[in-house]
Amino acid sequence: MPYSSAVTLTSAANKQGPNVWLKAFPHAAGKMQSPVDIKTSLVTQDPQLLQRPLSWTYVPKNCKSLLNTGEGWKVVVEGQDSCLTGGPLEHSYQLVQFHCHWGKCCNTGSEHTIDGKGYAAELHLVHWNVDLYNSVEEALASPKGLAVIGIFFQVGKHNDELMKITNLLHDIANKGEECSLPKEVDPAGFIPEAHDYWTYEGSLTTPPCHESVTWIVFKKPIEVSEEQLEKFKCLYSSTVKAIVNGEPVPGKVIQNVRPTQPLNGRIIREAPY
């Protein structure tokens, strides 16, 4: 599945971090890499994005399990009844999973930045093109193969939908651990009330960094509590414990953010709301 083989981005794993991805993952050297800094003064307004409004349908009961990938948490989805269409998308896309990126502090956790500013975290809803491809694996490495919705988290009030996930993180503390979801999680519950968005063509933000993603980044963040964000950092990046001063110390996923990449002439579009 997308993002499942990503290298852990923690201070304890600098030797495996984004600065050395190019050696093992040649796609990371491409000209359409993500994330990017969205400079609002340079965004192009595109009325055509309004001709087919962005539309999504999700089935909460199809969110099946919560997994510690070693890079963070991921909700595994059986998405056969889900559908993302419209906006910049020419095909139908099906939800396969969603996961989150976060940082050490409240303004360094989002992968995309806006005029150089980051948010506390960024949720990614990952969809694959069911019109053109026969499997997630095929779509992952193919043009127009994926559509990823990015949603910013900012510190504020407690988020009830996210609580269904954060309450379970202690059950998947170690890499590879997985648990079922006793309460249905609704992916649509994370969509901001205002549906303004930016869109551009880019890549996975983790290895293998295939340039197969149509990004849809909602402008408005949603609020989550600081306590909920701190629970993310209780996850361990490995079942193998390092030895520090003679004591075994497993590494925690304190941050899992790829730095922004050059835009290289790509156009970021928005609907003229």
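Described below are features of the structure shown in this document. (Residues numbered from 1 in each chain as written. Predicted model: local features only at pLDDT ≥ 70, side-chain atom pairs only at ≥ 80, totals over all residues. Heavy atoms only, no water.)

### A short note on the overall build of the chain
Convention followed: A run of H or I in DSSP becomes a helix once it reaches four residues, and a run of E becomes a strand once it reaches two; helices and strands are each numbered from the N terminus. Only heavy atoms enter the contact rule, under which two residues are in contact if any of them lie within 4.5 Å. A 1.4 Å probe and the Shrake-Rupley method give the accessible areas. Residues count as covered only by the protein chains that appear here.
Counting its regular elements, the chain contains 4 helices and 17 strands. If you take every contact in the chain between residues at least 6 apart in sequence, the share linking residues at least 24 apart comes to 73%. For the chain, the exposed surface amounts to about 12100 Å²; the carbon and sulfur share of it is 51%.

### Concerning the environment of N256
Note that N256 resides in the loop between β16 (247–249) and β17 (269–270). Expressed as a C-alpha distance, the spacing of N256 and A121, which sit 135 residues apart in the sequence, is 9.8 Å.

### Comments concerning the nonpolar core
Applicable threshold: By nonpolar core we mean a set of buried residues, namely Ala, Val, Leu, Ile, Met, Phe, Trp, Tyr and Cys, connected to one another through side-chain atoms within 4.5 Å. Classification of residues uses two cut-offs on accessible area relative to the type maximum, computed with a 1.4 Å probe and protein chains only: under 20% is buried, over 50% is exposed, and between them is partly exposed.
If you look at the biggest cluster of nonpolar residues, it comprises 44 residues, and the most contacted ones within it are L66, W73, F98, I151, F153, I165 and F190. In terms of residues, this core owes the most to one element, strand β7 (residues 93–102), which gives 5 residues. Discounting residues that sit within four places of it in the chain, I151 has contacts with A121, E122, L123, L125, F190, I191, P192, F218 and I222. Within the second largest apolar cluster, 22 residues are counted, among which are W128, V136, L140 and W198.

### Some points on the pattern of salt bridges
Stated precisely, the cut-off is as follows: One speaks of a salt bridge when a side-chain nitrogen belonging to Lys or Arg is within 4 Å of a carboxyl oxygen belonging to Asp or Glu.
For the structure on display, the rule yields 6 salt bridges. Its salt-bridge partner being K219, residue E270 comes within 2.5 Å of it at the nearest N-O pair. Taken as a pair, E270 in strand β17 and K219 in the loop between β13 (213–218) and β14 (222–224) lie far apart in primary sequence, 51 residues in all.

### With respect to the environment of C234
Note on placement: C234 falls in the loop between α4 (226–232) and β15 (242–244). Residues C234 and A173 lie 61 residues apart in sequence; the distance between their C-alpha atoms is 6.7 Å.

### Observations regarding the pairing of strand β4 (residues 63–68)
Which entries qualify depends on this criterion: Any two strands are treated as partners once DSSP identifies two or more bridges connecting them.
Burial analysis of β4 places 5 of its 6 residues in the buried class, the great majority of the element. Between β4 and strand β5 (residues 73–77), which pair antiparallel in sequence order, lie 4 residues; one of them, G70, sits at a positive phi of approximately 95 degrees. The pairing of β4 with strand β11 (residues 178–180) spans 3 bridges and is classified as antiparallel. Bridging across to β11, S65 finds its partner in S180.

### What to know about the pairing of strand β9 (residues 121–129)
Across the 9 residues that make up β9, a large majority, 9, are buried. Taking every second residue as pointing to the same face, both faces of β9 are buried, with A121, L123, L125, H127 and N129 on one and E122, H124, V126 and W128 on the other. Two elements, β7 and β9, share 9 bridges in a ladder whose sense is antiparallel. Paired with Y93 across the two strands is N129, which belongs to β9. Alignment of β9 against strand β10 (residues 146–155), held across 8 bridges, turns out to be antiparallel. Its bridge partner lying in β10, V126 is registered against V148.

That's the geometry; what it means functionally is another story.
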